[in-house]
Each structure stands twice: as structure tokens, then as C-alpha cells.
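# Notes for the structure review
One letter stands for each residue in the lines below.
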Protein chains: 2
Amino acid sequence: MSMMKWSGWGAEDVTFSAADKPALGPFLEQHLGLRSAGALTASVAFAALDVPEPAASDELLDALRRVAGAEAVSLEARDRVTHARGKSLRDLVRHRAGELGRIPDVVVRPSDEDAVAGLLAVVLDADAVAIPFGGGTNISGSLEVPAGETRPVVSIDLGRLDRVLEIDEASRLARVQAGVFGPDLERQLNARGWTLGHFPDSFTYSTLGGWIATRSSGMQSDRFGDVAELTRGLRAVTPTGVLAIRPVPATSTGPSVREMILGSEGRLGIITEATVQVHRVAQERTIRGYLFPSWPAGLAAMRDIAASEASPSVTRVSDAPETAFSFATKKGGSVVDRLKSRALRAFLERRRGFDVSAMCLAFIGYEGSARHVAAQRKLVGRIVAAHGGVGIGSGPGALYDQKKFDTPYIRDYLLDRGALADVSETAAPWSALPEVYDNVMAAARERFDALGVKGYIMSHLSHSYHGGACLYFTFAFRPDPVRDGLADYDTIKSAIQQAFVDSGATLSHHHAVGTEHAAWLEQDISAPGVAMIRALLEGVDPGANLNPGKIVADRQPAPVER
Amino acid sequence: MSMMKWSGWGAEDVTFSAADKPALGPFLEQHLGLRSAGALTASVAFAALDVPEPAASDELLDALRRVAGAEAVSLEARDRVTHARGKSLRDLVRHRAGELGRIPDVVVRPSDEDAVAGLLAVVLDADAVAIPFGGGTNISGSLEVPAGETRPVVSIDLGRLDRVLEIDEASRLARVQAGVFGPDLERQLNARGWTLGHFPDSFTYSTLGGWIATRSSGMQSDRFGDVAELTRGLRAVTPTGVLAIRPVPATSTGPSVREMILGSEGRLGIITEATVQVHRVAQERTIRGYLFPSWPAGLAAMRDIAASEASPSVTRVSDAPETAFSFATKKGGSVVDRLKSRALRAFLERRRGFDVSAMCLAFIGYEGSARHVAAQRKLVGRIVAAHGGVGIGSGPGALYDQKKFDTPYIRDYLLDRGALADVSETAAPWSALPEVYDNVMAAARERFDALGVKGYIMSHLSHSYHGGACLYFTFAFRPDPVRDGLADYDTIKSAIQQAFVDSGATLSHHHAVGTEHAAWLEQDISAPGVAMIRALLEGVDPGANLNPGKIVADRQPAPVER
């Protein structure tokens, strides 16, 4: 798996194109004031960057080479820059502007768990800092070196730990190395008839270890479970040795250590391996499109589906603004396509009384035997109809399924045109979702107005659970070029996060805390909750040598006797 | 809810009777050498106990009365003795023998969370010890005061926090106080058409807070989830204040604090409230009996059911020894019943080729709409048939369902007759279960032989998950009256626990660690796992004032500045 662009999403040769999407230009002009022929605000060239010299002693570098091999240790500028941050909006904006900040001094790529253990021992011995690195897709600031860090910083890239080690077919469990990327993992599993079924938007460039370290969730988690459920066994190199959690289906062994590593963002150790639940590739798999007359109708339908005896693999409904955006990114299509669209619109307006500006697009996925899929679709169809929804077939769902990993590219496209776009997502009980939604939309729009910027915000519900669901917001605005765009961004993003916790929702459903969300942690899990996490982190890593500053801000590290 | 007997299980007026079970006497004589008219080994009378005086200063008692009310503070001998231990075999044997050990000095029954918070502040201020108490059913030593404890010990009985505070019908979540007993909780929920669906064997005398503190699992957890899944939100009084975890369906907020409180056995705080998933009482509910020709056939069928598109509410299969025991505890029944049994036996032997001494009794439960139940039964029926199993209708299942909470009484019955009986349970991946089973049976029988005692061990699989299941062992033996029965018990129980961890299984699936299983914790979750739990416990409760000695042995507490 090749690295992503140093200052943007995805492979060097892939970019988002509007050329084949005739409705997008007018949409962006109307809502963000972007002219389709607008001036590009390009990134600085890599060669123009002022990359600081590595601040690692020869003694430290020699020790790293001894345990991991000389070829595993890189001081190259591009390596260090690419490992300096994830892909948050703040990361992209600063990288593009050439503001690198405190980057790692050295990147090491260990080939196995022993090498990882050796590296951590060297780091602790030298009172250096270790930051584990998977695919670098994190958007919460979980990968960045704290600005004032004076100790040498070692980025530990797990990319060489990329193998499925074993599939226990009777138990439907696979033992997998943590550095494997999504597509490579699925390829190895599919070759033997299995799938993990974990498909986050970042899938192409994210790794198993990264998913675990951030409590990731994927498009089909309704069926397969979030990564917290998929992950049964674990191995991680910690300051007190190699942690080994057995892949038992449930256990009553005190506070769950498995659930401490999940979401630990590298602060408790470096995940080297996990035993994950796998499923046989299904006989049939389909994602169907539906249209609802309104957002409340769509929400209520999803809530009723979660309470029903149906168990779809995907549940997702967009609000009206996101539905409008989806239609704006449609490819031109044939005359027949356009005629079909017009006929559907006429049907909805005249026969079903839809206000098409309020309608909401939904995708519901089904997976299993043909008989199971048919029965599920029937159960869901009845609930959809009861809420005034209409099925629109498998075409839109298939398209969504193909294009789902392309979404992150659009941020770069917008940045090129001077607009900032980002996402914020949360989860709450079903009863709280309408208010969470209303409060977030109001907070964002109020900020757009106060800042005097053209802005757009849209949302979808995804990941339905028994007691609630995830709401995922995407927002974009075009900052005044004379002002600090990131400062305006902070104002908007903060208003959204504050609306989450003020409305009974959590600061994030699946994007982790990092540094971006740390300010809201206490309001979410209460001060004693933060104290418990702090007790754990400080007890395990008293010197704050492991990815310091993430989740909770560090106190001054206590002097450590070695 | 009244307290249980001070030295045995259950209500004062309920005992296990063999009078209506004609096959039981001969069974116990054959397998344990118990004569049905054997001499009783009675418990000492309560009046004969040597109950130590409470070692709590007037100052401490006054402070407790101030925060909880005078009527909430009890120094009564029976209160203190009943709160001294749970109901493990070791607890019963020592209580019956009048060996009380270090009992709590005072029992306090706070009426609300504020009073709990006040009590904990008083305890910390006085450097005393607080042990939260729910129903007192724990069988892992989680409730006992360490033998050498010199500080005053306060048992905090949550029994007055017994209300369902709120049902969020749209979210299917109920906010419930932690001290409520199982039957009272279900009564309050059922009255409004809901159920929690959590039915552990201890149900009648255990509480919501106790279930959470020990990671309990219930008979229908296949459908409703273990208590770790049912519990979404939490409130607990901790040394740093009242912890409040929001009832969100999933969250990405670092290491899970919710999963730290789950299984914390009172060491991190006192659980006062939880928000739990509830379900509508089902239209139809049935538990069906099945017979399998062998244990391997029964195991394989359960594994295939877990992989199928069926989702039964109960999965349970007994091995041949437990099947034989089940038949031995059958009530006499009518001539028609006996004729039916004889006809079934003839059918199995002649038509299906069963060896009836090897056959295994299974129960599978279904719940939901009539259509759903019918479809599920069909799917399961096909899998059962593929493994040579035969359905035997709803009679045995209904009987099991009625009698499931009576099992704990049988230990007292056996103790009265000089036999020791106990349980040990575990979980492992499907592929490991046959070996776990064989190793445990061999280890126990080898111990019976080495000790020269008549012993019996039997097992069932219950709680099926995607990747594995729980194995639940029950064993009994009749110690030589001249030897120390508990020492022999330790030998056998230790051999079983050791076989668990040596075979890749966990030390307990749902009975917690306490003091009984602490010796195996490091072998199960590895030394770094123990170090993580220790860091958490010591960081949150540096003075070890909260239920010390449980889960991990305490170090000498560090001097605490207050």
C-alpha cells in the first residue's frame, strides 16, 4: 500500500472531478459562492517546504537500527512530513500552507512484534516519544506531535505487519496483524471465502490497528458490529510487556482491558495483532434506495426498523440538504436516465404529494441467503411505506456502494477552490436525535451568519442500534480571504461539538478524541470519567512517552525511575 | 425484597425437596455415595455464633448517621453477618460452621444517590473501607472483608434504591436505580409492557448494580445481550465525584469508562443507577426441548445455529452426565407420563439408534412475533436434524423455564447431607470448546481419584456468540469427614480453573474474579493486562478504601494526602 499525498487525501494520481457532474458547479456557486472557474488556492510545493533537521541523537538512531534493522529507519524529509499528521481539515490546511510544526524526527517501520517491542524499549530508555502510525487517515489530531515537545519523536509505522496469520474457521475468527490496510485485509480474507465487513469511509487508506485505536465504525456495522465488537482478541506492546488478550466471546475478568485498548490512540501501547470476527461472504448483497417525504419521517422509519425483527446490514437516511447534494453530484447520464428522473419526480409530486425540496434519500442494505434478503426487504418495505417512503430500486444504492470511498477527495477539491469542508459526527438515544439535529443545524447556521460567510451544512443518520443511532454532519463554507480561515472553522466546528454535548449526544461516535475533541471530553463523560482515563494512562505510561497529549491533556510527567 | 437466609440460599421458608423426585435418592447414592436417609450436617444456630463487636468509632457512626439518616445505620449482628459474604460454597461452609471471619462493622442503607455520595465521603475521610452490597448472591468472594483488615468496614446496602425512574419509550431505554432486585425490576417494567430480559440463575436475589459490577449474563442473553451490552448509561459515586455516563448507543471517547465500571466489583465506585436497554414483552415465547445422540453432536449443532440466520433467545445443551441428572430430578409424574417416557426411549433406541446413556438434552428458546418464532424454529430444526437431534416438544422447556431459579437451593440440600457442590464456568472460541471440556472433565476426575472421593461432574453449553460460547460445569463430591472438606474442594476447583486457562479459555464468563479467581487473572489476561487494571484501581482509589483485595491483590496502600 503506497502512502497518501503528503498534503491531501488518497493516491497521487486520483483527484475528484466535477467535469462529469453538470449539476455540481451551479450547486456550489449557489450555496458556497464558489464560481466553477474560480481561482485555485494551491498547496505549496514539497520542495519549497522548510523541513527541520531530525533532532535524534546518533545513539538513539543506532539503537533503533539495532532492534528494527537499518533499512527500517528513515530520516527522509518526505517520510517525516507524511507521518507528521493525519488528514483533518486543520492538518490539510497547515500542510498545504507549509506550516509543518513539530514533525517526527525519525520514522521506523518494524517488521514484526519483536521489533516493535524492541523499539518501545529503546524509546522508553531514551525518554523519547513514540507515536504509532497506521494509514494516517485520522481526522481528530491523534497523530500530531505536541508543539512544545522537546524529546526526540519516533513515528512507528506498522505497515509491514500486514498479514492474515490464521483463520479459525470453526470459530469464525481471524488472527490478523495490525498494520494491514482495509483492501489488503479484505483481499486476503476473500481469497478464503471470508470477510471482516468493516468499511469505514477511510477504508482504502486505514488499517486494522488504527480502527481499533480509534473505535472505528463502518458502513455495514449494523450487521457486523463496530470494531469494538469485531475485535475479540488483541496483542499490544505496552511499557510493561506484551499484552495478550484471548479471543473469548465474553469474559467476566474485571474492568475490560480489551475495551481499554480500544480507543486508546497509542497511549497505552502499540497494537500489533488482533483476532477479529469474520463472516462467510454472503450469497446475496444489495443496497436499495428509498425516498422519504421528510426528515422526521426518515428518522422515525429508521427507529422503527431498529425495533423490528428485520436486521438490515446498512441503514442510512440523508436530510434534505444532503439529498440535494447527492443529486447535484450525479453524473450527467443518458437521455433515458434524465427521463426516468423526471418521471419519478412527477410521480412523487403528483401521486404521493411529496415536496421534493424536503425529500430525504435513504439507503438500506441487506445481506445473506436469497430467502433471508427477501424476507428482510419485505419487513423493511412495510415500515418504509408506513412512514410514507417509496422504494427507488437498487441503482442508487449500487452507485453509493461503488463511490463510498471517494468522498474524502472532495475536501481537497474544495480547498483548491478556497472553501473549507469538514465533518462532525455523534450518537444519541433515538428520542434525542431530532433535537440534536435541530440544535446542530441552528448552531452552525448561526455561526455562518455571525461570521458573514456563505455556508452549507447537511446530515445523515447511519448506524442504527437498539437504543439510538449516529448522526453525521458535513459542513462547508467559504471564508473571507482576508481572515484566518482556520479560526472561522474553529468557531463553527466548536459550535457543532458544543451542540452535541449540550443535547445529550456524545462528542464522537467513531472519530475518536485526539486533540480536536479533547475539550468536550469532560462534558461528555463527566469529570470522574476523565479522572479514570487519566489514572489509567498515567499509571501505565508515567513518563508520557506514548503519543502524549491525546484524549486528555498531559500533566507534567512525573520523574520516572528506571 | 427480604434478605436471604444468613447461612444458605434463598428465602427462609424455601428448601429443596427430594420427596417428590423418586429417582434422585438412588442417583445421589450411586454417584456420591449419599444415602437418602443419611445423617444431616446442620448449620450452627444463629444464636450460637460468636459475633465480634463492631469496631467503628462513635465519631464515624455519627457521621454515617448524619449523611444517611439514623434509621439507615445498623449495628445488628444479623445484618452484619448476612452482609459479610456472598453465597459461594466457601461462604456457605464457613458460615454454617460458625467461622465468621472479619465481618463488616456497620451496615448502612442509603435512600438515594446523595446519601451514597455522603457515605463515601465519610468513609474516605475516616480512612475506613466501603463494600457495596446488592443482593449478596456473589459466588466469587467479591463481598468479603480481607482477613487482616484493621480499618472500620462499612457495608453499603443499595436495597432502598429500587425504582425504575423513567422509561424512554422511543429509545427503548429505562433509567433504573441500581439496588432493585430482579423480580421487582421485571414487575415494574412489565407493568408498562417492557422487559429487560436479564435472567441469571441468581435472578430472584440479585440486583441490577450487582449484575453490572460482576458482568453478569442471563439465560436469554443470546437475544438481549449480556449485562455489558444491556447497560448503556451509568451513574456511580466515585472518589472523585459522581460519574455520569450518557446512554449513547456507541461512542469513540477513548478507553471505555463504561466498560471500566462493568466488572469493577465495587473497587472504582458505588453504582447508583443505570440506563438499560428494554424490549417490548414478546407476543410469543417458547423454549423447546431437543435430544442429541452425543455431546459432540450437540456442540456442533449449537455452533452451526450461531453461524446461521436464526437468532434464538436461548441456546443450551447439557452433556450426558447433566442430562442424566436432569432426568433424575424429574418429578414422579402420572402413569401417562411414564408411558410417554418409555415410548420416547424406545423410539430413540430402536428407530434413531441413540445410545441413551450418551444422549444430551438441549433447550432452545424463541421469542417474538408468531411468524418470527415459526421461521426461527424451522431454521433451527433443520440444523438440529442435520446433527442427528430430535425435538421433544415444549414440555421439558416449560418445566426448565419454571424451575430455573431453584437450582441454587440444591447446594444447601447437599451440604445438609455432607456433600459439597459448586460451579465453574468459562468461555472460549468454538474450536477450543471440545478440548476445554475434555481437559476439565479429566482434571476433575483425576482429582476425585487422587483424593479418594466419590465425585460427579457435569456440564452444559449456554450463551452462544458468533465466535464461541460459555461452558458451565457443576461438580459435587462427598469429602472424607475426617479431612478438611474445603481443602479438598480447593484442589478440585483449582484443577478446573487451571484447565480453563491452560486450554485457551477464560477464568470466568459471568461470575467475576473476586478473590476466588484472582490467582488465574494473570494467566488469562497476561501480566500487562493485570498492570493496566492495577493502574486504574490504584489511580482512582489510592488508599484502597473501596472493596480492597478484589480482582487484583492490593499492594500496600500508598500514604494518601488528604
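Data block above holds the structure.
Report follows, based on the coordinates.

### Thoughts on the pattern of salt bridges
Going through the model one piece at a time under the given rule, you end up with 56 salt bridges over all chains. Between Glu113 of chain A and Arg235 of chain A there is a salt bridge, with the nearest N and O atoms lying 2.8 Å from each other. With a gap of 122 residues between them, Glu113 of chain A in helix H5 (residues 113–125) and Arg235 of chain A in strand S8 (residues 231–238) connect regions that are remote in the sequence. Here Arg94 of chain B ties to Glu144 of chain B by a salt bridge, and the two come within 2.8 Å at their closest N and O atoms. With Arg94 of chain B in helix H4 (residues 89–96) and Glu144 of chain B in the loop between strand S3 (129–133) and strand S4 (153–157), the pair connects residues that are 50 residues apart, well separated along the chain. On the basis of relative accessibility, which here comes to 15%, the residue Arg94 of chain B falls in the buried class. On the basis of relative accessibility, which here comes to 18%, the residue Glu144 of chain B falls in the buried class. Salt bridges sharing common partners tie together Arg85, Asp91, Arg94 and Glu144 of chain A.

### Regarding the relation of the copies chain A and chain B
Of the transformation placing chain A onto chain B, the axial shift is 0.0 Å and the rotation is 180 degrees, giving an RMSD of 0.0 Å. Considering both components of the superposition, the chain copies are consistent with a two-fold axis. Minimal C-alpha distance to the rotation axis in chain A is attained by Leu536 of chain A, lying at 2.3 Å. Both copies share a contact surface, since 100% of the interface residues of chain A are interface residues in chain B too.

### A word on the interface of chain A and chain B
Taken residue by residue, the interface counts 81 residues in chain A and 81 residues in chain B. Between chain A and chain B, roughly 6,100 Å² of surface is buried when both sides are summed, and carbon and sulfur atoms account for 61% of that area. Here chain A and chain B share 0 salt bridges between them. In this structure, the connection of chain A to chain B is made through 39 residue pairs in polar contact (both at pLDDT 80 or more). Considering each element in turn, the side of chain A that touches chain B owes the most residues, 14 residues, to helix H19 (residues 521–540) of chain A.

### As for the environment of Arg258 of chain A
Residue and element names in this part refer to chain A. Structurally, the position occupied by Arg258 is in helix H10 (residues 258–261). We classify Arg258 as buried; its relative accessible area is 13%. Separated by 11 residues in the primary sequence, Arg258 and Pro247 have C-alpha atoms spaced 9.8 Å apart. Sequence-distant contacts of Arg258, that is, excluding residues within four places in its chain, are made with Ala228, Thr231, Arg232, Leu234 and Ile245.

### Thoughts on unusual backbone geometry
Residues and elements named next belong to chain B. Even without being a glycine, His463 presents a positive backbone phi close to 60 degrees. Note that His463 resides in strand S17 (residues 454–464). Judged by its relative accessible area of 6%, His463 is buried. With phi around 50 degrees, Ala544 is a residue other than glycine that occupies positive phi space. By secondary structure assignment, the location of Ala544 is in the segment after helix H19 (521–540).

### Concerning the sheet that holds strand S17 (residues 454–464) of chain A
Residue and element names in this part refer to chain A. Read across the open sheet, the 7 strands follow the order S15-S12-S14-S13-S17-S18-S16; overall the sheet is antiparallel. The two strands at the open ends of the sheet, each matched to only one other strand, are strand S15 (390–393) and strand S16 (420–429). Recorded for the sheet is a direction-independent mean angle of 25 degrees between the axes of neighbouring strands. As paired elements, S16 and strand S18 (residues 468–478) share 10 bridges and run antiparallel to each other.

Calculation criteria
- Residues numbered from 1 in each chain as written.
- Chains lettered and ligands numbered in written order.
- Predicted model: local features only at pLDDT ≥ 70, side-chain atom pairs only at ≥ 80, totals over all residues.
- Heavy atoms only, no water.
- Salt bridge = Lys/Arg side-chain N within 4 Å of Asp/Glu carboxyl O.
- Helix = DSSP H or I, 4+ residues; strand = E, 2+ residues; numbered from the N terminus.
- Buried < 20%, exposed > 50% of the residue type's maximum accessible area, 1.4 Å probe, protein only.
- Least-squares fit on C-alpha atoms with pLDDT ≥ 70 in both.
- Contact = heavy atoms within 4.5 Å.
- Buried area = accessible area lost by both parts, 1.4 Å probe.
- Polar contact = N/O pair within 3.5 Å; in protein donor to acceptor, adjacent residues only side chain to side chain.
- Pairing = 2+ DSSP bridges.
- Axes fitted to C-alpha atoms, helices over the stretch in contact; angles between N-to-C directions.

Function cannot be read off these values alone, since they describe shape.
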